[in-house]
Number of protein chains: 4
Amino acid sequence: MEASAGIDPTGEVNGGHLRSFIERIERLEEEKRAIADDIKDVYGEAKSTGFDPKIMRKIVSLRRQDKHKRAEEEEILELYMAALGD
Amino acid sequence: MEASAGIDPTGEVNGGHLRSFIERIERLEEEKRAIADDIKDVYGEAKSTGFDPKIMRKIVSLRRQDKHKRAEEEEILELYMAALGD
Amino acid sequence: MEASAGIDPTGEVNGGHLRSFIERIERLEEEKRAIADDIKDVYGEAKSTGFDPKIMRKIVSLRRQDKHKRAEEEEILELYMAALGD
Amino acid sequence: MEASAGIDPTGEVNGGHLRSFIERIERLEEEKRAIADDIKDVYGEAKSTGFDPKIMRKIVSLRRQDKHKRAEEEEILELYMAALGD
DNA sequence: TTTGCATCTAAAAGCC
DNA sequence: GGCTTTTAGATGCAAA
């Protein structure tokens, strides 16, 4: 990275620009936290209606793995195709 | 937790209800992931305009701690107030 | 954890014992590094005989995921069994 | 890399050879994982006898850095020696 | 060189 | 309230 990164010719960092990035990130993180809370609420709600959150988490995890695996299989297929001369 | 959790008197789990919980969670997790990606994008954008993401993360983290600390102090204050008879 | 952790009644840490733990860890880490180097060598060897390391890494990764998934499936099975009253 | 990597003139990948490479890697990765587990165990053991694993990690890390530094200094020394006509 | 990726550590949350 | 599982952050390695 260049030494002048984020620093203008006068040697000052561009505070306003940085602040805007920081604030965008903070807004997004707050949204993320809110969603995480929602997820926790759903687990709580499910638990209070008699489902086991631990099992539910496993189910969610397994389904996520399935999706991920399928995506990777597609990737590797493309790699093979390319290796075979496309 | 009772052994019959999520299982009706006939010994059947309520699949439809469970499915609906799972799907709500999966939707929320997808939103969460999307926001996490957005955050990563912002860091990337900031980096490409010359800011150091590592330093930015530190700033965000410090500001988060500050906020947390302020919230705790307010809690304590309220406890004192309550102890003093409101 | 108690405040006297790793500290004898005279207020001294038990240097000899600590040293022995540290050295065990360092020996193990060295072995680990050696194996990591071996792995790198195998990829290099495979590459020099005409295989694409990138594809190989994907294959290894997919097979690892398979194993992991199977392990989780077994776990969840046990959870189900337990939930059904075992 | 050439497009024909790992592929013989008939357009077939040499499955047997590839499989042997993959299996060698998987065996090595398993060994690596086993050692990583051993390391974790040692930290656990140390913790249960009253040492703080976090501090221990710091010690191990510092000693590793020292070793690197000494190795680098030796390299530089050799360069000097060579420059001086051996 | 730089980006992305995978590993590993440090912190947080949930559960018992 | 400890303990384990989860998640964020940091570092090191490999591909482009």
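That block above? That's the structure.
Just so you know, the residues in each chain are numbered from 1, in the order the chain's sequence is written. In the order they appear in the text, chains get letters beginning with A and ligands get numbers beginning with 1. The model is predicted, so local features are restricted to residues of pLDDT at least 70 and side-chain atom pairs to those at 80 or more, both for listing and for counting; the totals for chains, interfaces and linings are taken over all residues. Computation of side-chain values: all heavy atoms of the structure, hydrogens and water removed.

Peer 1: Hey, could you run me through helix α2 (residues 53–83) of chain C in this one?
Peer 2: Since the α-helix turns once every 3.6 residues, residues separated by three or four places project in the same direction. Residues and elements named next belong to chain C. Working definition: helices are DSSP H or I runs of at least four residues, strands are E runs of at least two. Numbering for both runs from the N terminus. To estimate the expected span of a helix, subtract one from its residue number and multiply by 1.5 Å. With 31 residues, α2 extends 44 Å from end C-alpha to end C-alpha; this agrees with the ideal 45 Å at 1.5 Å per step. Measuring from the side-chain oxygen of the N-cap residue of α2 to the backbone nitrogen of lysine 54 gives 2.8 Å; that N-cap residue is aspartate 52. A positive phi of about 100° marks glycine 85, the residue just after α2. Here a polar contact means two N or O atoms within 3.5 Å. Within protein one must be a hydrogen donor candidate and the other an acceptor candidate, and residues neighboring in sequence count only if both atoms are side-chain atoms.

Peer 1: What exactly am I supposed to notice about the interface of chain C and chain D here?
Peer 2: Interface size, as often reported, equals the accessible area lost upon joining of the parts. Note on contacts: a residue pair qualifies if any of its non-hydrogen atoms lie within 4.5 Å across the two residues. Listed per partner, the contact involves 38 residues of chain C and 36 residues of chain D. Between chain C and chain D lies a buried interface of about 3,500 Å² when both sides are counted; carbon and sulfur atoms form 72% of it. Interface area lost by chain C to chain D is led by C:Phe21, C:Ile25 and C:Phe51, which between them contribute 17%. Here a salt bridge means any side-chain nitrogen of Lys or Arg lying within 4 Å of a carboxyl oxygen belonging to Asp or Glu. There are six salt bridges connecting chain C and chain D. The salt bridge partner of D:Arg24 is C:Glu45, with a shortest N-O separation of 3.2 Å. Residue assignment for the side of chain C that touches chain D shows that the elements contributing at least two residues are α1 (15–48) and α2 of chain C. For the side of chain C that touches chain D, the leading source of residues is α1(C), giving 23 residues. Residues that form the side of chain C that touches chain D fall into these classes: 18 nonpolar, five polar and 15 charged. We define buried area as the total accessible area lost by two parts upon association, computed with a 1.4 Å probe and summed across both. Three classes are used, and their members are as follows: Ala, Val, Leu, Ile, Met, Phe, Trp, Tyr, Cys and Pro are nonpolar, Asp, Glu, Lys and Arg are charged, and the others, Gly among them, are polar.

Peer 1: For this particular structure, what's the right way to read the packing of aromatic side chains?
Peer 2: Here a ring pair, both rings aromatic, is described through the centre-centre distance and the interplanar angle of the planes. A pair of Phe, Tyr and Trp rings is counted when the ring centres sit within 6.5 Å of each other, with Trp represented by its six-membered ring. The angle between the planes then sorts it: under 30 degrees is stacked, over 60 is edge-to-face, the rest tilted. A full pass over the atoms with the stated rule returns four aromatic pairs over all chains. Both rings, one in A:Phe21 and one in B:Phe51, keep their centres 5.9 Å apart while their planes meet at 70°; by these two values the pair is edge-to-face. Remark: B:Phe51 occurs in the loop between α1 (15–48) and α2 (53–83) and A:Phe21 occurs in helix α1 (residues 15–48); the pair is interchain, linking two chains. Buried means the residue's accessible area, taken with a 1.4 Å probe over protein chains only, is under 20% of the maximum for its type, while exposed means over 50%, and partly exposed covers the values in between. Judged by relative accessible area, which is 7%, B:Phe51 ranks as buried. The ring of B:Tyr43 has B:Arg57 sitting right over it, with the charged end atom 4.1 Å from the ring centre. In this scheme, the term charge over a ring applies when either NZ of a lysine or CZ of an arginine sits within 6 Å of the ring centre and within 35 degrees of the ring normal.

Peer 1: Teacher, can you tell me more about α2(B) here?
Peer 2: Buried residues of α2(B): B:Pro53, B:Met56 and B:Val60, and no others. At its buried positions, α2(B) is contacted by α1 of chain A together with α1 of chain B.

Peer 1: Mind showing me how you'd approach the protein's contact with DNA strand F here?
Peer 2: Near residues are defined by distance, with any heavy atom within 4 Å of the molecule or strand qualifying the residue. With respect to spatial proximity, the complete set of residues near DNA strand F consists of A:Lys32, B:Lys54, B:Arg57, B:Lys58, B:Arg64, C:Lys40, C:Pro53, C:Lys54 and C:Arg57. Backbone atoms, meaning sugar plus phosphate, form 100% of the atoms of DNA strand F positioned within 4 Å of the protein. A distance of 3.0 Å separates a phosphate oxygen of DNA strand F from a polar atom in the side chain of B:Lys54. Residue C:Arg57 places a side-chain N or O atom 3.1 Å away from a phosphate oxygen belonging to DNA strand F. Counting only elements with at least two residues in the surface near DNA strand F, the list comes to α2 of chain B together with α2 of chain C. Among the elements that take part in the surface near DNA strand F, α2(B) stands out by supplying four residues, more than any other. A class-by-class count of the residues in the surface near DNA strand F yields one nonpolar, no polar and eight charged.

Peer 1: Looking at this model, I keep getting lost on the relation of the copies chain C and chain D. Mind explaining?
Peer 2: For the pair of chain copies, the relating transformation is a rotation about an axis with a translation along it. Superposing copies: least-squares fit, C-alpha atoms only, residues required to have pLDDT of at least 70 in both. Of the transformation placing chain C onto chain D, the axial shift is 0.2 Å and the rotation is 178°, giving an RMSD of 0.9 Å. This pairing of chains is accounted for by a two-fold axis. Across chain C, the smallest distance between a C-alpha and the rotation axis is recorded for C:Lys32, namely 2.8 Å. Looking at the interface residues of chain C, 95% of them are also at the interface in chain D, so both copies use one shared face.

Peer 1: Whenever I open this one, a negative patch on the surface confuses me. Can you help?
Peer 2: Side chains of A:Glu30, A:Glu31, B:Asp37, B:Asp38 and B:Asp41 sit close together on the surface and give a patch of like negative charge. Counting only elements with at least two residues in the negative patch, the list comes to α1 of chain A together with α1 of chain B. A per-element tally of the negative patch places α1(B) first, with three residues. Tracing the backbone through its elements, the reader meets B:Asp41 in helix α1. Nonpolar side chains (Val, Leu, Ile, Met, Phe, Trp, Tyr) are joined into patches within 5 Å and like charges within 9 Å, using only residues with over 30% relative accessible area and no salt bridge. Here, Shrake-Rupley sampling with a 1.4 Å probe gives the accessible areas, and only protein chains in the shown set may cover a residue. The convention is simple: Lys and Arg are positive, Asp and Glu are negative, and His and the chain ends are not counted. Note that the charge is assigned to NZ on lysines, CZ on arginines, CG on aspartates and CD on glutamates.

Peer 1: Please clarify how a positive patch on the surface should be interpreted in this entry.
Peer 2: On the surface, a cluster of positive charge is made up of A:Lys67, A:Arg70, B:Lys32 and B:Arg33. For the positive patch, the secondary-structure elements that each account for two or more residues are α2 (53–83) of chain A together with α1 of chain B.

Peer 1: Is there a simple way to think about the packing of α2(C) against helix α1 (residues 15–48) of chain D in this case?
Peer 2: Relative placement of two packed helices is described by the angle separating their axes and the distance separating the axes. Contact geometry for α2(C) and α1(D): axes closest at 11 Å, N-to-C directions at 55°. As judged from the angle between their axes, α2(C) and α1(D) are oblique. α1(D) is crossed by α2(C), and the crossing has right-handed handedness. On α1(D), the residues touching C:Met56, C:Ile59, C:Val60, C:Arg63, C:Arg64 and C:Lys67 of α2(C) are D:Leu18, D:Phe21, D:Ile22, D:Glu23, D:Ile25, D:Glu26, D:Glu29, D:Glu30 and D:Arg33. Partitioning the contact of α2(C) with α1(D) into residue classes produces seven nonpolar, no polar and eight charged. Here, axes are lines fitted to C-alpha atoms. For helices the fit covers the stretch in contact, and angles between N-to-C directions go from 0 to 180 degrees. An angle below 35 degrees is treated as roughly parallel, one above 145 as roughly antiparallel, one from 65 to 115 as roughly perpendicular, and anything else as oblique. A clockwise turn of the near helix away from the far one marks a right-handed crossing, whereas an anticlockwise turn of less than a right angle marks a left-handed crossing.

Peer 1: Quick question: what am I supposed to make of the pattern of salt bridges here?
Peer 2: Any two side chains of opposite charge can pair, given that their charged atoms come close. Tallied over the full model, the rule gives 26 salt bridges over all chains. Across the salt bridge formed by C:Arg63 and D:Glu26, the nearest N and O atoms sit 2.6 Å from each other. Of the two residues, C:Arg63 is situated in helix α2 and D:Glu26 in helix α1; the pairing between them involves two chains. On the accessibility criterion, D:Glu26 (16% relative accessible area) is buried.

By themselves, these figures tell us nothing about what the structure is for.
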